[in-house]
Amino acid sequence: MAESTGSHQTLGAEAARQLANTTKTPPQWIGVTPRWLVSLLPWTPVEAGTYRVNRVKQSSDGGAGIAIQCSPSDTDDLPEAFVDYEEQPREHTLSTVTTTIEVQTRISDLYRSPMDQVREQLGVLIEMVKERQENELVNNASYGLLSNVAPSMRVGTRGGAPTPDDLDELIARVWKEPAFFLAHPRAIAAFGRECTRRGVPPATVTLFGSPFITWRGIPIIPSDKLHVEGGKDDGKEGGKGGKDGGGKTNILLLRTGEKKRGVVGLFQPGIPGEVSPSLSVRLMGINQRGAASYLVSLYCSTAILTDDALGVLENVEVGKYHEYK
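What counts and how
Residues numbered from 1 in each chain as written. Predicted model: local features only at pLDDT ≥ 70, side-chain atom pairs only at ≥ 80, totals over all residues. Heavy atoms only, no water. Salt bridge = Lys/Arg side-chain N within 4 Å of Asp/Glu carboxyl O. Helix = DSSP H or I, 4+ residues; strand = E, 2+ residues; numbered from the N terminus. Buried < 20%, exposed > 50% of the residue type's maximum accessible area, 1.4 Å probe, protein only. Core = buried A, V, L, I, M, F, W, Y, C linked by side-chain atoms within 4.5 Å. Contact = heavy atoms within 4.5 Å. Patch = residues over 30% accessible without salt bridge, like charges linked within 9 Å, V, L, I, M, F, W, Y side chains within 5 Å. Areas by Shrake-Rupley, 256 points an atom, 1.4 Å probe, with all protein chains shown as cover. Pairing = 2+ DSSP bridges. Axes fitted to C-alpha atoms, helices over the stretch in contact; angles between N-to-C directions. Lys, Arg positive; Asp, Glu negative; His and termini not counted. Charge placed at Lys NZ, Arg CZ, Asp CG, Glu CD.

It is worth spelling out the pattern of salt bridges at this point. Where charged atoms from two side chains of opposite charge approach closely, those side chains can pair. By the definition in use, this model includes 21 salt bridges. Here K225 makes a salt bridge to E134, at a shortest N to O gap of 3.1 Å. Note that K225 is positioned in the loop between β11 (218–222) and β12 (248–254) and E134 in helix α4 (residues 117–139), a separation of 91 residues in sequence. Given a relative accessible area of 2%, E134 falls into the buried group. For R173, the salt bridge goes to E169, with nearest N and O atoms at 3.3 Å. With R173 and E169 both in helix α5 (residues 164–173) and four residues apart, this pair spans about one turn of that helix. You can call E169 partly exposed: its relative accessible area is 34%. Each member of the salt-bridge network shares a partner with another, and the members are R35, E127, E131, E134, D224 and K225.

Have a look at this one:
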């Protein structure tokens, strides 16, 4: 439509747009997170989808009864000892995070420029699968971190909100080269408020180009996969967090790596259709309606090599605030 400017008419903006190219973004999904846990876990390749954790049998005295002698005399008999193993060690089988997607070939053929419709559809779906993977690493009933914390490595908060004393107690359990804390962002904010109240602001460290707060030199890594239960972030119907949006969550502390007898992620390399480690995309076929089906599969698990590699601070309240006068 023409636009009138005094006694003259000019080309209107709406009509002019028909000849212009619009700069577009790929599809943006708000659910994507940095997935720091996946990045920070050491990943161990497995064969045949199975990983066996062999452990030494733990005696009641913690191994103090093993006969070891220091500087024996020439007339002393040398001590004798042996190390026994668990006869039925735990085996971890890789879990599958999988889904399928259909793309109408007519759509992907006609509307493939400047962005490939199949690639964009699969790109968003792969992000969703990876988010589900990290959620399973934390919450899966079989191999998730929260489900596999030993009873002796569980700590309760002193007063609900996460305090420096609480994190110190957790460090006292996982004291052999701890790698990082893992906590919901609201739990990290609650810990920051308790530090501010005590006048001990935590230091920061830069990892992957992003700043993280630390406690006793150990980085505190945010992850929304440690759910807040009973508050506005619990994702459940009927959750009542009150006016301050309260709720409870957990904070994990991990030691990682096989050499340190810590927590490791498990994957199987070289699977058919692999587009990234242990993630495959395969064309399943084209049906009678002309829709192409794709199978997306990701295989993963976790293993805790010794019980003292993982601890949890439980019942962490995230809705406590302080007034300063």
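Let's shift gears to unusual backbone geometry. Between S113 and P114 the backbone carries a cis peptide bond, its omega angle lying at 10°. Tracing the sequence through the fold places P114 in the loop between α3 (105–110) and α4. Positioned with a positive phi, R35 is a non-glycine residue whose angle comes to about 55°. Inspection of the secondary structure puts R35 in the loop between α1 (13–17) and α2 (36–40). When its relative accessible area of 13% is taken as the criterion, R35 is described as buried. Here the phi dihedral of R216 falls at roughly 55°; this positive angle occurs in a residue that is not glycine. The residue R216 is located in the loop between β10 (210–215) and β11 in this model. We classify R216 as exposed; its relative accessible area is 57%.

Counting residues in each nonpolar core, the largest one holds 57 residues, and the members touching the most others are F181, L182, L252 and L254. No other element matches the seven residues that α4 contributes to this core. With residues up to four places along the chain from it excluded, the contact list for L252 reads L145, L146, V149, L170, F180, F181, L182, L226, L310, G311 and V312. Core analysis: the next-biggest nonpolar cluster, separate from the first, contains eight residues, V46, Y51, V53 and A303 among them.

Another point: a nonpolar patch on the surface. Nonpolar side chains collect at one region of the surface, where W29, I30, V32 and M128 lie side by side and expose about 400 Å² of accessible area between them. If you trace the backbone, M128 turns up in helix α4.

What follows covers the sheet that holds strand β17 (residues 310–317). Read from one edge to the other, the open sheet built from seven strands follows the order β7-β17-β12-β8-β11-β10-β9, with strand pairing classed as mixed. One side of each edge strand has no neighbouring strand; the edge strands of this open sheet are β7 (154–156) and β9 (204–207). The sheet shows a mean angle of 30° between the axes of neighbouring strands, direction not considered. The sheet contact formed by β7 and β17 spans three bridges and is parallel. Among the inter-strand pairings, R154 is bridged to a residue of β17, identified as V312.

Another point: the side chain of E120. Turning to its location among the elements, E120 is positioned in helix α4. Residue class for E120 comes out buried when judged on its relative accessible area of 18%. Setting aside its immediate chain neighbours within four residues, E120 contacts P26, P27 and M115.

Judged by side-chain charge, D74, D76, D77 and E80 come together as a negatively charged surface patch. By secondary structure assignment, the location of D74 is in the loop between β4 (50–53) and β5 (90–93).

Burial analysis of strand β13 (residues 263–267) places five of its five residues in the buried class, which makes it a mostly covered element. Along β13, one buried face is formed by V263, G265 and F267 and the opposite face, lined by V264 and L266, is buried too. Where strand β3 (residues 43–45) lies against β13, three bridges are found, and the strand directions are parallel. The residue of β13 that forms the bridge with T44 is L266.

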